[in-house]
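Per-entry structural report
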Amino acid sequence: MKIAAAQLTSAPADIPANIRRLATLAEQARDQGAELLVLCKRTDTRRTSRADGLHPR
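The present account deals with the structure reproduced in this document. It should be emphasised that the depicted structure is a prediction, and the values quoted were computed from it without experimental measurement.

Conventions we followed
Residues numbered from 1 in each chain as written. Predicted model: local features only at pLDDT ≥ 70, side-chain atom pairs only at ≥ 80, totals over all residues. Heavy atoms only, no water. Helix = DSSP H or I, 4+ residues; strand = E, 2+ residues; numbered from the N terminus. Buried < 20%, exposed > 50% of the residue type's maximum accessible area, 1.4 Å probe, protein only. Contact = heavy atoms within 4.5 Å. Salt bridge = Lys/Arg side-chain N within 4 Å of Asp/Glu carboxyl O. Patch = residues over 30% accessible without salt bridge, like charges linked within 9 Å, V, L, I, M, F, W, Y side chains within 5 Å. Areas by Shrake-Rupley, 256 points an atom, 1.4 Å probe, with all protein chains shown as cover.

We now examine the overall build of the protein chain. In terms of helices and strands, the protein chain carries one helix and two strands. Counting over 57 residues, the protein chain shows a buried share of 18%. For the protein chain, long-range pairs separated by at least 24 residues make up 65% of all intrachain contacts whose partners lie at least 6 apart in sequence.

As enumerated under the stated definition, the model contains one salt bridge in all. Aspartate 31 is the salt-bridge partner of arginine 30, the closest N and O atoms lying 3.4 Å from each other.

The next thing to look at is a nonpolar patch on the surface. A cluster of nonpolar residues, Met1, Ile3, Leu36 and Val38, forms a patch on the protein surface that exposes about 410 Å² of accessible area. Structurally, the position occupied by isoleucine 3 is in strand β1 (residues 3-5). By relative accessible area, which is 52% here, isoleucine 3 ends up exposed.

Next up, the structure:
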């Protein structure tokens, strides 16, 4: 199994833009033969804790 890892600078709270960027990275990884793409947690929102306003549900 080929695994890809990606890291990107997310736009703060611009989830649609971040998702588009993630989709592009996923397509690139797939085109290079990856079956799994590993990303940092909360890459879509750039928020990292309760302190900055994101609360798990």
